[in-house]
Amino acid sequence: MTSTALNLNYLQVKKGIFSWIFSVDHKRIGLLYLYSLITFFLVGATLGVLMRLELLNPGKDLFEAQTYNQIFTMHGVIMIFLFIIPSIPAVFGNFFLPIMLGTDDVSFPRLNLLSWWIYIIGAIMALSTLIFGDGPADTGWTFYAPYSVKTGTNVTMSVLAAFVLGFSSILTGLNFIVTIHRLRTPGMTFLKMPLFAWALYATSWIQLLATPIVGITLLMIVAERVFGVGLFDPSIGGDPILYQHLFWIYSHPAVYIMALPAFGIISELLPTFSNRTIFGYKAIAFSSLAIAFVGYFVWGHHMFTSGMSGTARIIYSILTFLVAIPTAIKVFNWVATLYKGSIDVQPPLLYALGFIFQFMIGGLSGVVLGALAADIHLHDTYFVVGHFHYVMFGGTGFAFFGALHYWYPKIWGRMYNKLVANIAFFILFIGFNLLYFPMMVVGLMGMPRRYYDYLPEFHLPNMISTFGSWIVAVGLLLMLGNLIAGFRRKREAIVRNPWGTGITLEWQTLSPPPLANFDRMPVLPQDGPYDFDHKPEIKE
Amino acid sequence: MEHTSGFSLPNSGHNRDAEASKMGMWLFLFTELLLFGGLFIVYMVYRSLNPESFLLASFELDVTMGTFNTIVLLVSSMTIAMSITAIQTGNAKKSILLLYTTLGLAIVFLIVKYFEWSAKIHHGLFPGFEVYDNLPPGESLFFFLYFFMTGLHALHIIIGGIIISVVIHRTNKGLVNKEKYTLTENAGLYWHLVDLIWIYLFPLFYLIH
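The rules behind each value
Residues numbered from 1 in each chain as written. Chains lettered and ligands numbered in written order. Predicted model: local features only at pLDDT ≥ 70, side-chain atom pairs only at ≥ 80, totals over all residues. Helix = DSSP H or I, 4+ residues; strand = E, 2+ residues; numbered from the N terminus. Rg over C-alpha atoms; globule rule 2.2 N^0.38 Å. Buried ≥ 20, exposed ≤ 12 C-beta atoms within 10 Å, placed from the backbone. Contact = placed C-beta atoms within 7 Å. Nonpolar A, V, L, I, M, F, W, Y, C, P; charged D, E, K, R; others polar. pLDDT = per-residue confidence, 0-100. Expected span 1.5 Å × (residues − 1). Axes fitted to C-alpha atoms, helices over the stretch in contact; angles between N-to-C directions. Parallel < 35°, antiparallel > 145°, perpendicular 65-115°, else oblique. Left-handed = near helix turned anticlockwise from the far one by under 90°. Core = buried A, V, L, I, M, F, W, Y, C linked by C-beta atoms within 7 Å.

A. Structural view of the overall build of chain A. Across its full length, chain A carries 17 helices and zero strands. Relative to the globule expectation of 24 Å for 540 residues, the C-alpha radius of gyration of chain A, 23 Å, shows essentially globular dimensions. For chain A, the C-alpha atoms occupy an extent of roughly 70 × 45 × 45 Å along the three principal directions. When the 540 residues of chain A are sorted by exposure, 56% land in the buried category. In chain A, the share of contacts with a sequence separation of at least 24, taken over all contacts with a separation of at least 6, comes to 82%.

This is the structure we're talking about:
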């Protein structure tokens, strides 16, 4: 190999589609995930806008009730299984975890590629229900029995898709755990790891230990549909509540698969743009593990109205409140990090602040739902829809976009137009709150979720919400357009540390990084990963 | 740029790391345990809801065949453990022989299973047959869980058999040897898991009265 070949960055080493889809380079796999995820996200978002359009006025506007049911199911399946569960770990975890640990790849590079392929196969299976079979499932993304074993729509394929996607999730989690244990650079102890790595570590354990349960549960749904036995159908001896338990044993921890990586992102963004050390490093690190642990035992709060015993409900309610503690620890530490920092308001920081604001609303409304008495009133209303969109989209989604803006110069060695990025953020922020806050109001008024029609008195909030969805769409397009336009901008040499204050190891290497990630030995800050007082000097 | 050439990181994902492989295998085994764990929960719940039907239905199973298969699997677990010791001491021939023995025992297990299953299906105890459809709900659940869980387990036996064949092939080519035997160890771990699951399935379906 000539010396020029060695100096190529990871985007230049090889060309052609096959050098991408069969690449074992964690950076390329991260980007494969990014492009596929964004594609599916746009499909899911389009379905969401269509739903809002139907709900603009009471009565039937665009679709039949059945079509509406299929659209919200598809929206849920795509957004949950294809976008938000893989999102941050699969894209930024894959790309940056090895670099932040000071190594050149994950522990099992080929397994990593396999997990992307499995993801694509699962995605094709999920989307194929749009075209083939008896139409997409109309059960909601939860596939509740007994309806899911009786409906004539193509539930079998959707369920199998979710099962396959679970494999991909398990393999990524397994890979990250082993990578974190085996490949940290010498001198980086667990307590000197960046907080993003900590968040991924906690997430990976959930992926590993929760996903198999939903896998087998979904297989039982398939078996029940194929053989017509009564595993969950009460008319032939089954127990539908058992299905709900098994489903939420996974799907509640899955909420933390979605949220914990976002916490990790925020913990990276705030020190960089406050130019000071993170407040409460250990508290943030261990609260991730605490959330992962307690999060296992709270699934029953999805089933308060399903007929569990009073004792069980009280226990689940108490445990649910407990989750609020480690979560609040994080929020307080983030805010304390900003205090007396020298704050540099850049697009990624705006997303981080947007995250904190919206996640607080989402988190606190979650406490409302965790309270038994309140939940009886609010169960299956639009309040729930508003709540989880505040957490998932306003939280994880915004963290995802923040990460995209934060690492953009490192990934592609270019810079987007910051002014447009700021404008896009504010459009998105305003649109988001217009879209989802009225849902909480209308939920409190008593509007149930998953209906294509509603009473006339719910008209105004629904109208505002639909207007909000258009603003969100504009904001998303502007944001993505600006990022794509960034590829075409005249290439200025992007320095190693374009924000000037980045402290984790990825800012010590070239932008974009070379194939082996580092061109010289990364140097750890003296006193922990966020030791801004003894930052290693970064020479170009 | 002189700093690029000749530089390599101390830790690399592309290095051979036996510890990492084994850790990965153990983590994978956790997921397998949880996969069956979900089924064990379902079994437990339905058994406690229909204790009499489960008891009645369990008398239909052939304890002799089940016991025989249990012994077969236990012996196969022993032979694969012995094959790991053999390769560690550099005796590739013996290791391969023991792997073939394990593979043979796996096939014996599947053959016995085949006869058990076909006897049940012959009696109409499978979904779709009239006898099955007229069973009380508890008994039909028992038989379906029996087919589902032992079926999933049999699938694992088949996958384990494929893995063992790969190990045999690679040992033959000298790719698995005295220095590099992680593959054999991981195959052993997987096989022990398959054995372990059966150790729980056997009493749950055949023995509990």
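B. Representation of the overall build of chain B in the model. On a plain count of helices and strands, chain B comes out with seven helices and zero strands. For 209 residues, the compact-globule estimate of 2.2 N^0.38 gives 17 Å, and chain B exceeds it by more than 25% at 22 Å. Overall size of chain B, expressed as C-alpha extent along the three principal axes, is 80 × 40 × 25 Å. By residue count, 37% of the 209 residues in chain B fall in the buried class. Taking all contacts inside chain B whose residues are at least 6 apart in sequence as the whole, residues at least 24 apart take part in 76%.

C. Fine view of the interface of chain A and chain B. On the side of chain B, 34 residues touch chain A, which itself brings 44 residues to the contact. Looking at the side of chain A that touches chain B, the elements that each hand over two or more residues are α1 (3-7), α8 (155-182), α9 (195-227) and α10 (240-274) of chain A. A per-class count over the side of chain A that touches chain B returns 25 nonpolar, 13 polar and six charged.

D. Fine view of unusual backbone geometry. All names here are of chain A. In this model, alanine 145 is joined to proline 146 through a cis peptide bond whose omega is 0°. Considering the arrangement of structural elements, one finds proline 146 in the loop between α6 (109-128) and α7 (147-150). Following serine 511, the chain continues to proline 512 via a peptide bond in cis, the omega torsion being -10°. Within the fold, proline 512 resides in the segment after α17 (459-488). One non-glycine residue with positive phi stands out, namely asparagine 275, at about 50°. With respect to the secondary-structure elements, asparagine 275 resides in the loop between α10 and α11 (281-294). Unusually for a residue other than glycine, arginine 450 sits at a positive phi of about 65°. In this structure, arginine 450 sits in the loop between α16 (418-445) and α17.

E. Region of interest: the confidence of the model for chain B. All names here are of chain B. A residue-level look at chain B finds 97% of positions with pLDDT of 70 or above and a mean pLDDT of 93. Of the regions scoring below 50 in pLDDT, residues 1-5 engages in nine contacts with residues more than four places distant in sequence or in other chains. At the level of chain-chain contacts, confidence expressed as ipTM amounts to 0.92, with global pTM at 0.95.

F. Molecular detail of α11 of chain A. Residue and element names in this part refer to chain A. With 14 residues, α11 extends 20 Å between its outermost C-alpha atoms, agreeing within 8% with the 20 Å of an ideal straight helix rising 1.5 Å per residue. Buried within α11 are the following residues: Tyr281, Ile284, Ala285, Ser287, Ser288, Ile291 and Ala292. For α11, the elements touching its buried residues are α9, α10 and α12 (310-338).

G. Structural context of α16 of chain A. With 28 residues, α16 of chain A ought to run about 40 Å at 1.5 Å a step, and its terminal C-alpha atoms sit 41 Å apart, in line with that. A positive phi of about 115° marks glycine 446 of chain A, the residue just after α16 of chain A.

H. Structural detail: the environment of isoleucine 278 of chain A. Residues and elements named next belong to chain A. Inspection of the secondary structure assignment puts isoleucine 278 in the loop between α10 and α11. Here the alpha-carbon distance between isoleucine 278 and phenylalanine 293, two residues 15 residues apart in the chain, equals 23 Å. Setting aside anything within four residues of it in sequence, one finds isoleucine 278 in contact with Leu195, Ser267, Leu270, Pro271, Ile284, Thr337 and Tyr530.

I. Highlighting the packing of helix α3 (residues 26-54) of chain A against α17 of chain A. Residue and element names in this part refer to chain A. Between α3 and α17, the shortest axis-to-axis distance is 9 Å and the interhelical angle comes to 155°. It follows from the interaxial angle that α3 and α17 lie roughly antiparallel. Along this stretch, α3 crosses α17, giving a crossing that reads as left-handed. The residues of α17 that touch α3, namely those facing Ala45, Gly48, Val49, Arg52 and Leu53, are Ser465, Thr466, Ser469, Ala473 and Leu476. Taken together, the residues of the contact of α3 with α17 sort by class into five nonpolar, four polar and one charged.

J. Examining the packing of α3 of chain A against helix α5 (residues 87-101) of chain A more closely. Residues and elements named next belong to chain A. Look at α3 against α5: their axes get within 8 Å of each other, and the N-to-C directions meet at 160°. In terms of orientation, α3 and α5 fall into the roughly antiparallel class. The handedness of the crossing between α3 and α5 is left-handed. Residues His26, Lys27, Ile29, Gly30, Tyr33, Leu34 and Leu37 of α3 form the contact with α5, whose own contacting residues are Ser87, Ala90, Val91, Phe92, Asn94, Phe95 and Pro98. Grouping the amino acids of the contact of α3 with α5 by side-chain chemistry returns nine nonpolar, four polar and one charged.

K. Region of the structure containing the environment of valine 367 of chain A. You can see valine 367 of chain A is positioned in helix α13 (residues 347-370). Along the backbone, valine 367 of chain A and leucine 322 of chain A are 45 residues apart, and their C-alpha atoms lie at a distance of 9.7 Å.

L. Spatial organisation of the nonpolar core. Core analysis: the biggest nonpolar cluster contains 213 residues, and Ile177, Ala197, Leu260, Ile266, Ala399 and Ala403 of chain A together with Leu145 of chain B have the highest contact counts within it. In terms of residues, this core owes the most to one element, α10 of chain A, which gives 20 residues. The residues touching alanine 403 of chain A, leaving out its near neighbours within four places in the chain, are Ile88, Phe92 and Ile265 of chain A.

M. Inspection of the environment of alanine 399 of chain A at higher detail. All names here are of chain A. Tracing the sequence through the fold places alanine 399 in helix α15 (residues 382-412). Taking the C-alpha atoms as reference points, alanine 399 and isoleucine 266, separated by 133 residues in sequence, lie 6.7 Å from one another. Contact partners of alanine 399, with chain neighbours within four places excluded, come to Ile88, Ala262, Ile265, Ile266, Tyr351 and Phe355.

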